Amino acid sequence: MHGKILIIDPIATNRIVLRVKLAACHYEVMQADSIAEALRLVRRAVPDLILCAATLPDGGPLRLMARLQKTRMAGMVPVIALSCDTDPAERMRLLAAGLDDVLQKPVDDALLVARVRSVIRAYASASEWKLRDDTSRALGFAEPAISFGPAQTVKLVGCDLSAITPWQSELCARSAATITACPPLDAIHQSEGEDDTDAFVLVVAPESGPDMLGLLATIRSHATTRHSAILVVQIEPNATLGAQMLDMGANDLMTCGPDPAELALRLSTLLARKRMGDALRDTVRSGVEAAVSDPLTGLHNRRYAMPHMARIAERAARTQKPFAVMVADMDHFKRINDQYGHAAGDAVLVETAHRLRENLRGVDLVARIGGEEFLIVLPGADLTNAKNAAARLCRVIRKTPFVVPGHGLGITATISIGMTVCDPRTGATQTLPHSAETLLDRADKALYGAKAKGRDRVALSRPAA
């Protein structure tokens, strides 16, 4: 299932029609005929979205939002109202109360499903980053996010600049953001690292649909704008085009024309979410990188590697796929430090980390877990593949001397590897791990064997008799 949706409508026929449409798109549907019943369902299982009729026996969307606020669920569950009222003032009142959208009946099927997908996607993404941020804070790696910052930037994009310039003036009067108007060709800077636009407002005239679709795709694929908010404003309603733009990544859609007050309100909501998303990403990124990375080599450290290895082991047991664990240690590394200095030793470690990373797959784990000791985990690797990979790593360390700044000659170094392999598909597994510590211990003991046999070689951990 793609998500859980709660439909609140006093008319059974309306609920059945919506349930059929949403179930066909693989959503799990719950139904209620009143706010009281809806809240009982929410307490048992929190939905991913609520679709609420404009009129209910015990209130309406505004009362629902008030009740959700009392249960601390407001802001956690998105709410879309389905209304027959065409009064802009009523729609503004609902949006200002915190509803994510107000769709006017009858709603086009494709547009309804696209809007549902868009809202659920936005909340899921925000929840994921919030969870990561909470984890970082619990571990003590993150500073509290600031609630202020530089003025946000908005680009009002339309093919007819003379038509959208008055909108720019209206928005500037209602928003603290810096708002500029431009044609589609000037909406995105082509050079990397130049565009810091927080939100795009795409004004779609009947004849500009294809151009705006292309611009939307470019915004979402461009490295510097993929997290920017996108608000689509249709001059004339086009349900098919609106649904397509939502599915391509637009965050919000206005189909009722250029109402400056509503546009400013929707834009304010998107900019607030954008600022929160940026803050969460920055907090999580900086906190997690500092916590789980080795500052010298840039590899993951032991703190990250051990729980990650445990997850790989659990997944292997669940999927019945093999994996290999290696502990690699530089040979006679103290001699390098003593002969060439610790700065040279650090340079050798950095280059060793680079060579290990470059000669493994993206899914493989490489971590520095000691002074000159590295942990390598290969998901999906059986005994043959693991042996070949370990031999290759020994070879790439041995064959090319390490060039160290300040020394005319390259420094020759080798590496020894201890390895253990677990293959749940066979009865004769090399090891049956119970924990990440067990895996590391077996690989470490195999490493002792490689050192004892002369170094620059691979040794395999054998199962106990």
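Note: the structure precedes this text.
Everything numeric here is computed off the predicted structure, so don't read it as measured data.

*Asks:* Teacher, can you tell me more about the environment of Glu 358 here?
*Replies:* When you line up the elements, Glu 358 lands in helix α12 (residues 342-358). Overall, Glu 358 belongs to the exposed group, its relative accessible area being 55%. With 35 residues separating them in the primary sequence, Glu 358 and Leu 393 have C-alpha atoms 9.9 Å apart.

*Asks:* What am I meant to see in the sheet that holds strand β1 (residues 3-8) here?
*Replies:* Sheet strands pair by backbone hydrogen bonding; their relative direction is either parallel or antiparallel. Here we have 5 strands laid out as an open sheet, ordered β2-β1-β3-β4-β5, and parallel in their pairing. Of all the strands in the sheet, just β2 (27-32) and β5 (101-104) have a single pairing partner and so form its edges. The mean angle between the axes of side-by-side strands here comes to 20°, regardless of whether they run parallel or antiparallel. Pairing geometry for β1 and strand β3 (residues 49-53), over 4 bridges, is parallel. In the sheet register, Ile 7 faces β3, and the bridge partner there is Leu 51. Of the strands in this sheet, β1, β3 and β4 (79-83) are in contact with helix α3 (residues 61-70), which crosses β3 at around 145°.

*Asks:* What is the right way to look at the pattern of salt bridges in this model?
*Replies:* Once the charged atoms of two side chains with opposite charge are near each other, the side chains can pair. Inspection of the entire model under this criterion finds 22 salt bridges. Between Arg 273 and Asp 100 there is a salt bridge whose closest N-O contact spans 2.7 Å. Taken together, the residues Arg 273 in helix α9 (residues 260-292) and Asp 100 in the loop between α4 (88-96) and β5 connect sequence positions 173 residues apart. Between Asp 456 and Arg 398 there is a salt bridge, and its shortest N-O distance comes to 2.8 Å. Here Asp 456 is found in the loop between α14 (436-452) and β16 (458-460), whereas its partner Arg 398 is found in helix α13 (residues 383-399), with 58 residues between them in sequence. Take Arg 398: its relative accessible area is 36%, and that puts it in the partly exposed class. Overlapping salt bridges, with partners in common, bring together Arg 91, Asp 101, Arg 115, Asp 252, Glu 262 and Arg 266 in one network.

*Asks:* Just checking my understanding: could you explain the packing of helix α10 (residues 302-319) against α14 for this structure?
*Replies:* If you want to describe how two helices pack, look at the angle between their axes and the distance between the axes. Where α10 meets α14, the axes come as close as 8 Å, and the angle between the chain directions of the two elements is 105°. Accordingly, the angle class assigned to the pair α10 and α14 is roughly perpendicular. On α14, the residues that touch Arg 302, Met 306, Met 309, Ala 310 and Ala 313 of α10 are Ala 436, Glu 437, Leu 439 and Leu 440.

*Asks:* Even after reading the chapter, I still don't get the packing of aromatic side chains, so can you show me in this structure?
*Replies:* Centre-to-centre distance and the angle between the planes together describe a pair of aromatic rings. In this structure the tally under the stated criterion is 0 aromatic pairs. Geometry around Phe 402 places Arg 355 over its ring, the cationic atom sitting 4.0 Å from the centre.

*Asks:* In this structure, what is going on with the packing of helix α11 (residues 333-340) against α12? I would like to understand it.
*Replies:* Interaxial distance between α11 and α12 falls to 6 Å at its minimum, and their mutual angle equals 135°. As the angle between them shows, α11 and α12 are arranged oblique. Residue-level contacts link Phe 333, Ile 336, Asn 337 and Tyr 340 of α11 to His 342, Ala 344, Gly 345, Val 348 and Leu 349 of α12. In terms of residue class, the contact of α11 with α12 is made up of 6 nonpolar, 3 polar and no charged.

Cut-offs applied
Residues numbered from 1 in each chain as written. Predicted model: local features only at pLDDT ≥ 70, side-chain atom pairs only at ≥ 80, totals over all residues. Heavy atoms only, no water. Helix = DSSP H or I, 4+ residues; strand = E, 2+ residues; numbered from the N terminus. Buried < 20%, exposed > 50% of the residue type's maximum accessible area, 1.4 Å probe, protein only. Pairing = 2+ DSSP bridges. Axes fitted to C-alpha atoms, helices over the stretch in contact; angles between N-to-C directions. Contact = heavy atoms within 4.5 Å. Salt bridge = Lys/Arg side-chain N within 4 Å of Asp/Glu carboxyl O. Parallel < 35°, antiparallel > 145°, perpendicular 65-115°, else oblique. Phe/Tyr/Trp six-rings, centres within 6.5 Å; stacked < 30°, edge-to-face > 60°. Lys NZ or Arg CZ within 6 Å of the ring centre and 35° of its normal. Nonpolar A, V, L, I, M, F, W, Y, C, P; charged D, E, K, R; others polar.

Honestly, it's all geometry; don't read function into it.
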